Protein chains: 2
Amino acid sequence: MTLVVQKYGGTSVGSVERIQSVAQRVIKTVQLGNSLVVVVSAMGKTTDGLVKLASEISKNPSRREMDMLLSTGEQVSIALLSIALQELGQPAISLTGAQVGIVTEAQYSRARILSIHTDRILKHLEEGKVVVVAGFQGISSTEELEITTLGRGGSDTSAVALAASLQASRCEIYTDVPGILTADPRLVPDARLMDEITSDEMLELASLGAKVLHPRAVEIARNYGMPLVVLSSWTDDPGTRVVSPTPQPRSLEGLEIARPVDAVEFDTDQAKIALLRVPDRPGVAAQLFKEIAGQDLDVDLIIQSIHEGNTNDIAFTVSQAIINRAEAVAEAIAPSLRTHPAPHPDEAEVMVERGIAKVAIAGAGMIGHPGIAAKMFATLANAGINIQMISTSEVKVSCVIDAVDCDRAIALLCQTFQINSSPSRLPTPYTPHPTP
Amino acid sequence: MTLVVQKYGGTSVGSVERIQSVAQRVIKTVQLGNSLVVVVSAMGKTTDGLVKLASEISKNPSRREMDMLLSTGEQVSIALLSIALQELGQPAISLTGAQVGIVTEAQYSRARILSIHTDRILKHLEEGKVVVVAGFQGISSTEELEITTLGRGGSDTSAVALAASLQASRCEIYTDVPGILTADPRLVPDARLMDEITSDEMLELASLGAKVLHPRAVEIARNYGMPLVVLSSWTDDPGTRVVSPTPQPRSLEGLEIARPVDAVEFDTDQAKIALLRVPDRPGVAAQLFKEIAGQDLDVDLIIQSIHEGNTNDIAFTVSQAIINRAEAVAEAIAPSLRTHPAPHPDEAEVMVERGIAKVAIAGAGMIGHPGIAAKMFATLANAGINIQMISTSEVKVSCVIDAVDCDRAIALLCQTFQINSSPSRLPTPYTPHPTP
């Protein structure tokens, strides 16, 4: 008997008809000989409606009470889906986060999962039931049953963490798009659906992938080697497989936080271009990166900071191979970014720096732990290594430093965050353009 | 510090504005120097909406999943009320039935409360918080956290049971009517608001009172001597006090069920009038009892049973003092109940029996225990005592028997149900008419 975890997002269970259609999909999977745990989100706009109700009462409602409020959305979904399954003759039982024993940090509204009790789920699976679990929620204490929620993308995280804890054979994420596309189809009409993507590539897809699959969920999948599939709940298409390398054996205790940092990564194939003192007016960044993209040049980090007065600095990094072309584009566009008709001599100055490197720490355990980033910055500062650029996502902190400091930075970061495995070279930046 | 339990029904928390107004009422009570536990129902028509959703999926949804579904309604209310209180500067915390530890029978959709853990509530009260508890819900197992609901009127039951467990000084039930009226104001325009009513009288008010305050809640209040007040959440009027005699000390374990039967009651001042073989057509009972009421005659039990073919028997009991007048009314109306134009000689025959008595068993623990009624019938049957009429409410089973058997029936019932206190004479039936 193969154990499969399926997760259905809000639009997939947005109406009675959709819930009935999910039930049929679930039963089809059972009939293929699988045991099934199903994780569901709140129906359609339920969460938005609850947030609106609360906002009419308070502009700054307490996070504990918001978790109390919002966790009802998933509870409604699990009850209705279980009723739909039972109506079709499929034994099923719904379980809240508290009933499963999804134990999280004592952090309302953005808790990380510490551990998941699997006894009760396994018992119900053995009874031949489909187990329907409320996504997005847990409890911070098995005694006081304090209800916590996992924050944005929480149901994805619940599903992958359940799959890891139950050692499922795969985790299927059903959503309203057919899978992971090579680009945002609203911007690039001929965006292609990918059959397969690695979890590392997926984590780089901050701008595209994160809308479909939350980085925390991908990070857990990578840590535990859990095969993921992202697919549409509206079609029978096979979707996109997210594959992970075979992981090191890893404890399920402290699932999301035991090792807040999983890897130290680096990339020495970087160069930086900065446009200094460009006017602080809308459209400057758009104008610049439209030109860059028009030349099919891939950009990695982009940072814009308020400089002083009414001007900004915009800096970005590219791979060394294309630095000359990128510089040419920047120089070509700079004049149009200067104030007309009497430009200041220093305005929109283009600066190129070749001898840089990027070092990054990555791990699902970072979310809501600002201390992790601070620890990285302190480690570099204490060694006298200057940080030129910083970029963060929910599962990664990247710093641009002088290339000559790279090896030393890696060694110090591995030591600080107790990373014993060798630091990994950062994957080639993913190309958010349709490849010809 | 006086501890008060307040309960607000669905219409009292039916909108954001109403919730804010409840919050202000709660704070006013705190400012008078009280500690406060607030029990709330689901907002307005929330429960109906959830029931409708489920009914669109299944005509016969499982009771477990319905409890999972419906318990979300109260959870939304407690979160929103707590947010409203905090917004007004009043520390508050919401607790679900599971978080409090309201332990019930393992009976979905109509569970009785076994016990309530008070530690956590008391801790929060000591911290100066208003504790907002979800009504209508509990858990059947502190280990598996199975969510149960208490059935119709459940939030009233939660509030009074909490008040009893916490040894509160009173329990206030806020609703959308100003208190208990002497009659249904839709039928009797000059119905008067009562300042006070005894819990025994209240329990007799099946037709009027039960809409305002659930009999199970009244029964618990009587068992534990908890003063109740029924009042409007829309006005500052004082409402109706429901007073109970000082009770025998009683364990809080098995709160609703430890003694399913609390009292054996009797009434020997009864006579029965039966109208046999009246045509089975709409309006017959209405016609009869309109005449009876027009004569200001109080009726106690009314039973209508299918006789055979197309005729019914209707029987009712009255106190002996008015039997002659009641018989006259019945005889006067009987001809109009006969089939025109060729009446059968036995049709609508009036039969009077004076030598009867009513014996009853009463207790909050009866609900959902059909075995209790069966045990009463078996006790009487084994003693060769014939039961002429049966009437049941959620907290009482009454039987009309021969007056000569009354003493023996009482003794046997006290023995069967282990009632050591002396049987109580039934209270005079409450007059559901405006007294002049």
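As the structure is a computational prediction, the values presented were derived from the model and not from experiment.

Novice: Sorry if this is basic, but what is going on with the relation of the copies chain B and chain A here?
Specialist: For these two chain copies, the linking operation is a rotation about an axis paired with a shift along it. Mapping chain B onto chain A calls for a rotation angle of 180° and an axial translation of 0.0 Å; the resulting RMSD is 0.1 Å. The superposition of one copy onto the other is thereby described by a two-fold rotation axis. Looking at the rotation axis and the C-alpha trace of chain B, the residue lying nearest is Thr72(B), at 2.7 Å.

Novice: Sorry if this is basic, but what is going on with the packing of aromatic side chains here?
Specialist: When we look at a pair of aromatic rings, we describe it by the centre distance and by the angle of the planes. Per the stated rule, a full pass over the model turns up four aromatic pairs over all chains. A ring pair is formed by Tyr8(B) and Tyr174(B), whose centres lie 4.6 Å apart and whose planes are at 15°; its orientation type is stacked. Note that Tyr8(B) is positioned in strand 1 (residues 2–8) and Tyr174(B) in strand 9 (residues 170–175), a separation of 166 residues in sequence. Note on accessibility: Tyr8(B) and Tyr174(B) belong to one class, buried. Taking NZ or CZ as reference, Arg18(A) lies 3.5 Å from the ring centre of Trp234(A), over its face.

Novice: Please explain helix 1 (residues 16–31) of chain B as it appears in this structure.
Specialist: An α-helix turns once every 3.6 residues. As a result, residues three or four positions apart point the same way. Residues and elements named next belong to chain B. Its 16 residues place the ends of helix 1 23 Å apart at the C-alpha level, agreeing with the 22 Å of an ideal helix rising 1.5 Å per residue. Where helix 1 is concerned, the buried positions are Val16, Arg18, Ile19, Val22, Ala23, Arg25, Val26, Ile27 and Thr29. Of the residues one or two after helix 1, Gly33 is the one with positive phi, at around 95°.

Novice: Just checking my understanding: could you explain the domain arrangement of chain A for this structure?
Specialist: By a widely used convention, the size of an interface equals the accessible area lost when the partners come together. All names here are of chain A. Along its sequence, chain A is organised into domain 1 (2–243) and domain 2 (263–425). On a C-alpha basis, the centroid separation for the pair domain 1 and domain 2 is 34 Å. With 12 residues of domain 1 at the interface, the matching set in domain 2 holds 12 residues. For the pair domain 1 and domain 2, the two sides together bury roughly 970 Å², of which 51% comes from carbon and sulfur. When the buried surface of domain 1 facing domain 2 is broken down by residue, Arg112, Arg216 and Glu219 rank first, second and third, together holding 49% of it. Viewed at the interface, domain 2 and domain 1 are joined by zero salt bridges. Across the contact surface, domain 1 and domain 2 share zero residue pairs in polar contact (both at pLDDT 80 or more). For the side of domain 1 that touches domain 2, the secondary-structure elements that each account for two or more residues are helix 7 (199–204) and helix 8 (215–224). At five residues, the largest contribution of residues to the side of domain 1 that touches domain 2 is made by helix 8. In terms of residue class, the side of domain 1 that touches domain 2 is built from three nonpolar, one polar and eight charged.

Novice: Would you explain the sheet that holds strand 9 (residues 170–175) of chain A in this entry?
Specialist: Neighbouring strands of a sheet are bound in pairs by backbone hydrogen bonds; such pairs are parallel or else antiparallel. All names here are of chain A. Taken in spatial order, the eight strands make up an open sheet running 3-6-2-1-9-11-12-10, and their pairing is mixed. Whereas interior strands pair on both sides, the edge strands pair on one side only; in this sheet they are strand 3 (92–95) and strand 10 (196–198). Going from strand to strand, the sheet's axes swing by 20° on average, the running direction of each strand aside. Where strand 2 (residues 34–40) meets strand 6 (residues 130–134), four bridges bridge the pair, whose relative direction is parallel. Paired with Val39 across the two strands is Val133, which belongs to strand 6.

Novice: Sorry, what's going on with the environment of Val261(B) here?
Specialist: Residues and elements named next belong to chain B. Among the structural elements, Val261 can be located in the loop between strand 12 (240–243) and strand 13 (263–279). Residues Val261 and Gln418, spaced 157 residues apart in sequence, show a C-alpha to C-alpha distance of 8.5 Å. In this view, Val261 contacts Ile361, Ala362, Gly363, Met366, Ile372, Phe417 and Ile419; residues no more than four positions away in its chain are not counted.

Novice: What is the right way to read the side chain of Gln75(A) from this model?
Specialist: Topologically, Gln75(A) is positioned in helix 3 (residues 63–87). For Gln75(A), a relative accessible area of 4% translates into the label buried. For Gln75(A), the side chain forms a polar contact with the main-chain oxygen of Met68(B), separated by 2.9 Å. Setting aside chain neighbours within four positions, we find Gln75(A) in contact with Thr96(A), Gln137(A), Met68(B), Ser71(B), Thr72(B), Gln75(B) and Ile147(B).

The rules behind these values
Residues numbered from 1 in each chain as written. Chains lettered and ligands numbered in written order. Predicted model: local features only at pLDDT ≥ 70, side-chain atom pairs only at ≥ 80, totals over all residues. Heavy atoms only, no water. Least-squares fit on C-alpha atoms with pLDDT ≥ 70 in both. Phe/Tyr/Trp six-rings, centres within 6.5 Å; stacked < 30°, edge-to-face > 60°. Helix = DSSP H or I, 4+ residues; strand = E, 2+ residues; numbered from the N terminus. Buried < 20%, exposed > 50% of the residue type's maximum accessible area, 1.4 Å probe, protein only. Lys NZ or Arg CZ within 6 Å of the ring centre and 35° of its normal. Expected span 1.5 Å × (residues − 1). Domains from an automatic or database assignment. Contact = heavy atoms within 4.5 Å. Buried area = accessible area lost by both parts, 1.4 Å probe. Salt bridge = Lys/Arg side-chain N within 4 Å of Asp/Glu carboxyl O. Polar contact = N/O pair within 3.5 Å; in protein donor to acceptor, adjacent residues only side chain to side chain. Nonpolar A, V, L, I, M, F, W, Y, C, P; charged D, E, K, R; others polar. Pairing = 2+ DSSP bridges. Axes fitted to C-alpha atoms, helices over the stretch in contact; angles between N-to-C directions.

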